[in-house]
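A look at the structure
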Amino acid sequence: MRVLGIETSCDETGVAVYDTAPGGGLLADALYSQVAMHAEYGGVVPELASRDHTRKLLPLVEQVLADADMARGELDGIAYTAGPGLVGALMVGAATAHGMARALNIPVLGVHHMEGHLLAPMLEDEAPAFPFVALLVSGGHTQLVAVKGLGEYRLLGESVDDAAGEAFDKTAKMLRLPYPGGPHVAKLAKQGDPGRFRFPRPMTDRPGLDFSFSGLKTHTLTAIRKLDDAGELTSRGRADIARAFEDAVVDTMVIKCRRALDDTGLKRLVVAGGVSANVRLREGLDQACAKRRAGVFYPRGRFCTDNGAMIAYVGARRLETGERDVTGQMQATPRWP
Ligand code: KG4
Ligand code: ZN
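Residues numbered from 1 in each chain as written. Chains lettered and ligands numbered in written order. Predicted model: local features only at pLDDT ≥ 70, side-chain atom pairs only at ≥ 80, totals over all residues.

1. Concerning the overall build of the protein
When its secondary structure is counted, the protein shows 10 helices and 10 strands. Against the globule reference of 20 Å for 337 residues, the protein gives a C-alpha radius of gyration of 20 Å, in line with a compact fold. In terms of its C-alpha atoms, the protein occupies a principal-axis envelope of roughly 65 × 45 × 30 Å. Buried positions account for 50% of the 337 residues belonging to the protein. (Helix = DSSP H or I, 4+ residues; strand = E, 2+ residues; numbered from the N terminus. Rg over C-alpha atoms; globule rule 2.2 N^0.38 Å. Buried ≥ 20, exposed ≤ 12 C-beta atoms within 10 Å, placed from the backbone.)

Set out below in structure tokens:
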């Protein structure tokens, strides 16, 4: 089955074609990022995001079909992100997918954005086998999930307040770094002194697999204010704070992943979502998994953040089992647990 995947939940327009036939795999993928446009406003402006998706989506569809050397009529199905995300942005992808599917008379299916992230490592040559523990860390989610197979997910724990990526983005704002903040905080932290500050590792001193990052955010803000009052909010001071913040978030996530592997007895860890691009997180998890003789799997950098390939993959796997949207009923679900 050759499936077109469409991702428009936030500020990236992603399109890809995935082929489920042996020797197939990912045939083409293209991405247009709106990040530069939203950076001017310090965050995503929903109305501008929707408008930009309408401008970029169809040209990207044409581009991936050309890259895959395919005609539209050779598609066997279409998958799109049905949520969660910005409702206007989602509607662009949903309406385009349903319109194309109706015209081509092929099945169409709305998929969950986080299932895309969860299974993105399946696009790699060294894909994980089921079952595994997954750490999903993005701008909107921080979750630990036990994954038995396609669609067989058990939530082990999640953030009770801010997501890890959100904490990175808010810390970046406090340090006057550009949007999206994660990579900028990570870059600044590299120059920081790990011994100067020690920030708390929230919810690690009690059992359980939930996370909380809003207290850490307040702690960071207090530390920044103190430095500022002392006239020490220099580039060195800011780097030391970025380092203490990153150390605290990374440590917390490593501790919880170790616990999740020990509790479930599983021997594979999958890490996905935008924050999985973080180098120090990867180093910490690599070490923890090596100690337990557990395998650890990440998507390639490009597939850590939002992309069409992960949606094409999940859609293809589900369409293959016969799942599909009711004809004419497009889905756009901004909040979808
Ligand atoms: O998965 P994603 O692209 O979009 C959502 O579905 O949210 O994740 C974006 C998040 C942002 O919060 C961004 O700051 C964070 O991932 N991020 C990082 C890094 N690269 C992206 N956070 C920490 N370190 C990074 N290197
Ligand atoms: Zn995402």
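2. Considering helix α2 (residues 46–67)
Here α2 contains 22 residues, and its C-alpha end-to-end distance of 30 Å stays within 8% of the 32 Å for a straight helix at 1.5 Å per residue. At K56, α2 shows its largest bend, some 30 degrees, and a proline, P59, comes one to four positions later. A49, D52, H53, K56, L57, L60, V61 and V64 are the residues of α2 that are buried. Lining the buried residues of α2 we find β1 (2–7), β2 (12–19), β3 (25–33), α1 (35–39) and α3 (87–104). Just downstream of α2, D69 is the residue with a positive phi angle, here 60 degrees. (Expected span 1.5 Å × (residues − 1). Bend = angle between axes of the 7 residues up to and from the residue. Contact = placed C-beta atoms within 7 Å.)

3. Looking at the pairing of β3
Two strands pair when backbone bridges link them, and β2 and β3 are joined in this way by 8 bridges, in the antiparallel orientation. Directly across from T13, in β3, lies its bridge partner Y32. (Pairing = 2+ DSSP bridges.)

4. Structural notes on unusual backbone geometry
The residue after F130, namely P131, is reached through a cis peptide bond having omega -5 degrees. Following the sequence through the fold, P131 ends up in the loop between α4 (113–119) and β6 (132–137). Here the bond from Y179 into P180 is cis, since omega is -10 degrees, no more than 30 degrees from zero. Assignment of secondary structure puts P180 in the loop between α5 (164–174) and α6 (181–189).

5. Quick look at the site of ligand 1
Close contacts around ligand 1 come from 19 residues, with G139, G165, G182, G274 and T305 the closest. Broken down by secondary-structure element, the contributors of at least two residues to the shell around ligand 1 are α5 and α6. The element best represented in the shell around ligand 1 is α6, accounting for 4 residues. When grouped by side-chain class, the residues that make up the shell around ligand 1 number 6 nonpolar, 11 polar and 2 charged. Viewed by domain, the shell around ligand 1 spans two of them, domain 1 (2–119 + 304–320) and domain 2 (130–298), each represented by three or more residues. (Near = placed C-beta within 6 Å. Nonpolar A, V, L, I, M, F, W, Y, C, P; charged D, E, K, R; others polar. Domains from an automatic or database assignment.)

6. As for the packing of α5 against helix α7 (residues 214–229)
Their axes nearest at 10 Å, the elements α5 and α7 cross at an angle of 15 degrees. Considering their axes alone, α5 and α7 lie roughly parallel with respect to each other. Classified by chirality, the crossing of α7 by α5 is right-handed. Across the interface between the two elements, A167, K170, T171 and M174 of α5 pack against L216, K217, T220, L221 and I224 of α7. Along the lines of polarity and charge, the residues of the contact of α5 with α7 split into 5 nonpolar, 2 polar and 2 charged. (Axes fitted to C-alpha atoms, helices over the stretch in contact; angles between N-to-C directions. Parallel < 35°, antiparallel > 145°, perpendicular 65-115°, else oblique. Left-handed = near helix turned anticlockwise from the far one by under 90°.)

7. Quick look at the sheet that holds strand β9 (residues 268–272)
Note: strands within a sheet are paired through backbone hydrogen bonds, in either parallel or antiparallel orientation. Here we have 5 strands laid out as an open sheet, ordered β8-β7-β6-β9-β10, and mixed in their pairing. Edge positions in the open sheet fall to β8 (152–158) and β10 (295–297), since each of these has one partner strand only. Direction aside, neighbouring strands of the sheet carry axes that sit 25 degrees apart on average. Of the strand pairs in this sheet, strand β7 (residues 142–149) and β8 are connected by 6 bridges, and their pairing is antiparallel. Bridge assignment links A146 to a residue of β8, and that residue is R154. The strands touched by helix α9 (residues 279–291) within the sheet are β9 and β10, with β10 carrying the most contacts at an inclination of about 155 degrees.

8. Observations concerning the domain arrangement of the protein
Partitioning the protein into domains gives domain 1 (2–119 + 304–320) and domain 2 (130–298). Taken together, the 12 residues of domain 1 in the interface contact 17 residues of domain 2. Counting residues per element, the ones that place at least two in the side of domain 1 that touches domain 2 are α1 and α4.

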